[in-house]
Amino acid sequence: RTAVLLFTRDLRVHDNPTLAAACRLADRVVPLYVDDPGRASNPNQRRFMLESLDDLRVSLRAAGGDLVVRRGATAAQVAAVGEATGADLVVCASDAGRFAAGLRERLADVAELRVAPGPAVVEPGRLLPSGGGDHYRVFTPYWRAWSQARWRGVEPEPERLRTPNLPDSDELPPADATATHLPPGGERAALARLDAWAPGSDDYPDRHDDLAGDRTSRLSPYLALGCLSARELAADPRLPEALVRQLCWRDFHLQVLAAFPSLTDVPYRRGARDDWESDPAALEAWRRGETGVGIVDAGMRQLLAEGWMHNRARLITAGYLVKTLGLDWRAGAAWFARHLVDLDEANNWGNWQWTAGTGNDTRPNRGFNHERQAARFDPDGAYRRRWAPS
Ligand code: FAD
């Protein structure tokens, strides 16, 4: 039997449940990636994705296989590649969000579909609150349940891939990245970054909020496209519990998005405020890092330069937009989505809604003071001087 192995946000060969399932279910596999214009991305993440595909192709070739890359609507490409190779089965990873749900429906129309575990450490829907409901709405009880549930064996890497004669790939257009300092894409770059960062990570609990110290892992672009296995990371004994807790936040937002796919445009919390100001000039100044508030401008300029921003700066810049200027979180999230190399639907919109008080924050009306934030997390102004020198 021949199966199309559809890569989506799992661009790796280590601990890849989709790859392992395809090899188990079929004698021959057709590794395929479809560059689907319907999938939300941006030029920075696209550059990273193209590098990740090159890296994946090298790994698949080393295992005796290859990677077919196509451009277009995913289901139509799967059907065409299936027909060319005699595949009657398609295996892909689960994922949350409207695009992923629609994709699964369309794939099931063109072939027998098997769905393997996706980007989460613990699959959305596996943990349910004892009081009822189809997902956890509050983080702390989720963290308690998740901590007990997170351990699971790691999938073996296939020793040898057996493929039929593979059809040609499409040439993908290059990405016009807007950021000037992007990290290198790919699984090998991800593992190298992890190995460089993990040994010194014991100061993460104390320093992850230190803006100038820049002591977080910067693994987010790799996790967003699955160049790294979040499950393997959550079980890595070199990493502090505080980092594992952040991976739990990632799963938390994923299970929220799985249950509430309109997280990108509808307030999650019933009765939440939805009457935002309109001030195009203020929005544009925020986007460009020209508000005149040093800590906000520094974060926004880091985003433009690196396609990435420190988590504390994301909280400060987002808090300033919605709580100080009173502008709509959707406009802020859209700007982040245009630039973030680690763009992730659940994390971006989940965190924006959290910050705006329309999401899962148990204290949605908490105040926000950028001066206090700057004094606490950039006490000597080094982050502001680095990104927004006056
Ligand atoms: P580390 O501190 O080293 O954490 C390790 C990993 O844990 C991260 O790579 C990420 O996968 C996960 N993680 C960390 N913090 C969070 C969090 N608050 N919520 C969910 N997962 C988390 N993260 C994205 O991956 N993509 C986004 O599009 C995104 N948009 C955001 C928008 C706003 C307004 C805010 C406040 C946060 C957003 N985050 C997003 C979460 C967080 O800022 C980034 O994951 C983090 O800054 C990435 O840096 P790191 O890999 O060095 O993090």
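Residues numbered from 1 in each chain as written. Predicted model: local features only at pLDDT ≥ 70, side-chain atom pairs only at ≥ 80, totals over all residues.

## Points about the site of the ligand
Taken together, 28 residues lie near the ligand, and Thr 216, Ser 217, Ser 220, Asn 348 and Asn 351 sit nearest. If you list the elements that add at least two residues to the shell around the ligand, you get helix H8 (220–224), helix H10 (241–259), helix H13 (311–324) and helix H15 (345–356). Per element, the largest residue contribution to the shell around the ligand is six residues, and it comes from H10. Residue composition of the shell around the ligand, by class: 12 nonpolar, 11 polar and five charged. A domain split of the shell around the ligand shows at least three residues from each of domain 2 (119–150 + 188–259) and domain 3 (262–387). (Near = placed C-beta within 6 Å. Helix = DSSP H or I, 4+ residues; strand = E, 2+ residues; numbered from the N terminus. Nonpolar A, V, L, I, M, F, W, Y, C, P; charged D, E, K, R; others polar. Domains from an automatic or database assignment.)

## Describing the domain arrangement of the protein
Often, the extent of an interface is quoted as the loss of accessible area on bringing the components together. With domains assigned, the protein is organised as domain 1 (2–118), domain 2 (119–150 + 188–259) and domain 3 (262–387). Each of domain 1 and domain 3 was reduced to a C-alpha centroid, and the two centroids are 33 Å apart. Every contact between the two is made by eight residues of domain 1 and, on the other side, nine residues of domain 3. When its residues are assigned to classes, the side of domain 1 that touches domain 3 shows three nonpolar, five polar and no charged. (Contact = placed C-beta atoms within 7 Å.)

## Quick word on the UniProt feature "domain: Photolyase/cryptochrome alpha/beta" (unreviewed entry) in the protein
Summarizing the sequence annotation, UniProt attributes the feature "domain: Photolyase/cryptochrome alpha/beta" (unreviewed entry) to residues 1–136 in the numbering used throughout. Across residues 1–136, helical content stands at 40% and strand content at 21%; the span's end C-alpha atoms are separated by 40 Å. (UniProt positions renumbered as here; feature names shortened; annotations may be inferred.)

## Section: the packing of helix H5 (residues 139–149) against H10
How two helices sit against one another is set out by the angle between their axes and by the gap between those axes. Remark: H5 packs on H10, axes separated minimally by 10 Å, with the N-to-C direction vectors making an angle of 110°. When the axis of H5 is compared with that of H10, the two are roughly perpendicular. The handedness of the crossing between H5 and H10 comes out as right-handed. Contacts between H5 and H10 involve Phe 139, Tyr 142, Trp 143 and Trp 146 from the former and Arg 245, Cys 248, Trp 249, Asp 251 and Phe 252 from the latter. (Axes fitted to C-alpha atoms, helices over the stretch in contact; angles between N-to-C directions. Parallel < 35°, antiparallel > 145°, perpendicular 65-115°, else oblique. Left-handed = near helix turned anticlockwise from the far one by under 90°.)

## Focus on the nonpolar core
Of all hydrophobic cores here, the largest spans 104 residues; its most connected members are Val 4, Leu 5 and Leu 32. Top contributing element to this core by residue count: H10, with eight residues. The residues touching Leu 5, leaving out its near neighbours within four places in the chain, are Thr 18, Leu 19, Ala 22, Val 29, Val 30, Pro 31, Leu 32 and Val 91. (Core = buried A, V, L, I, M, F, W, Y, C linked by C-beta atoms within 7 Å. Buried ≥ 20, exposed ≤ 12 C-beta atoms within 10 Å, placed from the backbone.)

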